[in-house]
Amino acid sequence: MRLADKVALVTGAASGIGEASARTYAREGAKVVVADVNAEGGERVAEEIRRANGAAEFVHVDVLDTGSIERMIAFAIEKYGRLDILHNNAQVTSGGRIGDLTLDAWRRGIEGGLTSYWYASKLAVEQFLKQGGGTILNTASVSGLAGDFGLGTYNPTKAAVVNMSRVFAIEYARKNIRCNALCPGPIGTPPLAAMAERAPTVIDPIKEAIPTGRLGTPQEMANVALFLVSDEASFVTGAAYVADGGLYAHSGMPSLTGITAGGW
Ligand SMILES: NC(=O)c1ccc[n+]([C@@H]2O[C@H](COP(=O)([O-])OP(=O)(O)OC[C@H]3O[C@@H](n4cnc5c(N)ncnc54)[C@H](O)[C@@H]3O)[C@@H](O)[C@H]2O)c1
C-alpha cells in the first residue's frame, strides 16, 4: 500500500475530486480526515470508507472561517496523532465577468479560493516541522495557467495557488516538506453538472475543446493526486501538474490540418 501509516486530510472531500481522492488515499492505507462544509455528504464518504475497511473520520469545516480551519487541522492531529498529507481542494469562488464583480464577491472568492489554502498549509507546515516532514497538494486548475471568460475570481485564485505552491515548495524543501499543485481540466463533477443544467448546450463545446474529446473523471484526478502525495513523487515539488486531456497543450488556434499540407 502506497500510503501505509500516513494521515491524510482532504478538504472538499464530500464530493467530486476530493471524494475520489479521499477514497483512493484510504484504499492505499492512509487514515483519512474527510473535511467539508457539507456534513451529510462528508459523513457518507467517511462511513463508506470505514465500511470498505478503511480508516476515516469526518470533520466539519467552512474554509471561509479561519477558526474552522484551525479546528480542522487540530482535529486531524488529535484524532490520529500526526498529519502527513494536506490536500487543499474545497471549491469556493465568485463567478461572473471580472469587471462586474462586487468588492464583496471578489473578497469572498479570494478568501475561499486562496487564503483558505494558505492558512491550512501554514498550520500543516507547523505540524510537519515538528514531525520531520509532510506533503501538501493544492487542487488548482488549468484555469490557473491561462484565462477563461466569465469565471470571476476563479482564474486569479487558481493562478495564485499555483505560485503559492511553488513558494511553499522552495521555502520548505530542506525540511522534507513537498508542495505541489494539481491542475485538472474540465472534470465531470457537480459544478459542471450545475452549469449544464443552466445551459445544456455548454458541455459539448467544452468536450470539443479538449483534444481527448471528453471530460475527465474524479478518479483520473485522484490517480494523479495519489502519485503526488505518495513517496513515489519524493523528488517532485513545486510542480503544477497538468491533467486535462490535452486542453492546455492546445494554443486555441482552429485546426489547419488539410490546409497546410504541401507548404504554406
Ligand atoms: N470539476 C472541474 O472541472 C475542475 C477543474 C479544475 C479544477 N477543479 C477544482 O477541483 C476542486 C474540487 O472541485 P470539484 O469539481 O470536485 O467540485 P465539487 O463541488 O464536487 O466538490 C467541492 C467540495 O467543496 C465543498 N465546499 C464548498 N464550499 C466549502 C466551504 N466553504 N468549506 C468547505 N468545503 C466547501 C463542497 O461541499 C464540495 O463537497 C476545486 O478546487 C475545483 O476548483 C475542478
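Residues numbered from 1 in each chain as written. Predicted model: local features only at pLDDT ≥ 70, side-chain atom pairs only at ≥ 80, totals over all residues. Heavy atoms only, no water.

Caption draft 1: Representation of the sheet that holds strand β1 (residues 7-11). Strands sit in the order β3-β2-β1-β4-β5-β6-β7 across an open sheet of seven strands; the sheet is parallel. With partners counted over all chains shown, the strands left at the sheet margins are β3 (55-60) and β7 (240-243), one partner each. Taking each pair of neighbouring strands and ignoring which way they run, the sheet shows an average axis angle of 20°. Two strands pair when backbone bridges link them, and β1 and strand β4 (residues 85-88) are joined in this way by three bridges, in the parallel orientation. The partner of Leu-9 across the bridge, within β4, is Leu-86. Strands in contact with helix α2 (residues 39-51) are β2 (31-36) and β3; relative to β3, the strand with the most contacts, it is inclined by about 170°. (Pairing = 2+ DSSP bridges. Helix = DSSP H or I, 4+ residues; strand = E, 2+ residues; numbered from the N terminus. Axes fitted to C-alpha atoms, helices over the stretch in contact; angles between N-to-C directions. Contact = heavy atoms within 4.5 Å.)

Caption draft 2: Region of interest: the pairing of β1. With five of its five residues buried, β1 lies for the most part within the structure. Covered by surrounding structure in β1 are Val-7, Leu-9 and Thr-11 together with Ala-8 and Val-10, the residues of both alternating faces. As paired strands, β1 and β2 are joined by five bridges and run parallel to one another. The residue of β2 that forms the bridge with Val-7 is Lys-31. This β-α-β element, β1 to helix α1 (residues 16-27) to β2, shows right-handed connectivity. (Buried < 20%, exposed > 50% of the residue type's maximum accessible area, 1.4 Å probe, protein only. Right-handed = clockwise from strand over helix to strand, strands pointing away.)

Caption draft 3: Here's a closer look at the site of the ligand. Lining the immediate surroundings of the ligand are 28 residues, of which Ser-15, Asp-36, Gln-91, Tyr-154 and Thr-189 lie closest. Here Ile-17 contributes a backbone N or O atom positioned 2.8 Å from an oxygen atom of the ligand. Residue Val-37 places a main-chain N or O atom 3.4 Å away from a nitrogen atom belonging to the ligand. In isolation the ligand offers 830 Å² of accessible surface; the protein chains occlude 89% of this area. Its residues assigned to classes, the shell around the ligand shows 15 nonpolar, ten polar and three charged. (Near = heavy atom within 4 Å. Polar contact = N/O pair within 3.5 Å; in protein donor to acceptor, adjacent residues only side chain to side chain. Areas by Shrake-Rupley, 256 points an atom, 1.4 Å probe, with all protein chains shown as cover. Nonpolar A, V, L, I, M, F, W, Y, C, P; charged D, E, K, R; others polar.)

Caption draft 4: Broad picture of the nonpolar core. In terms of nonpolar packing, the biggest core is built from 35 residues, with Leu-9, Ile-69, Met-72, Ile-73, Leu-83, Leu-86 and Phe-128 touching the most fellow members. Mapped onto this core, the elements with two or more residues apiece are β1, β2, α3 (66-80), α4 (103-131), α5 (154-172) and β6 (177-184). The element contributing the most residues to this core is α4, with seven residues. When sequence neighbours within four positions are dropped, the list of residues in contact with Ile-69 reads Val-61, Val-63, Ser-116, Tyr-119, Ala-120 and Leu-123. Counting 29 residues, the second-largest nonpolar core is a separate cluster that includes Leu-3, Ile-49, Leu-182 and Val-224. (Core = buried A, V, L, I, M, F, W, Y, C linked by side-chain atoms within 4.5 Å.)

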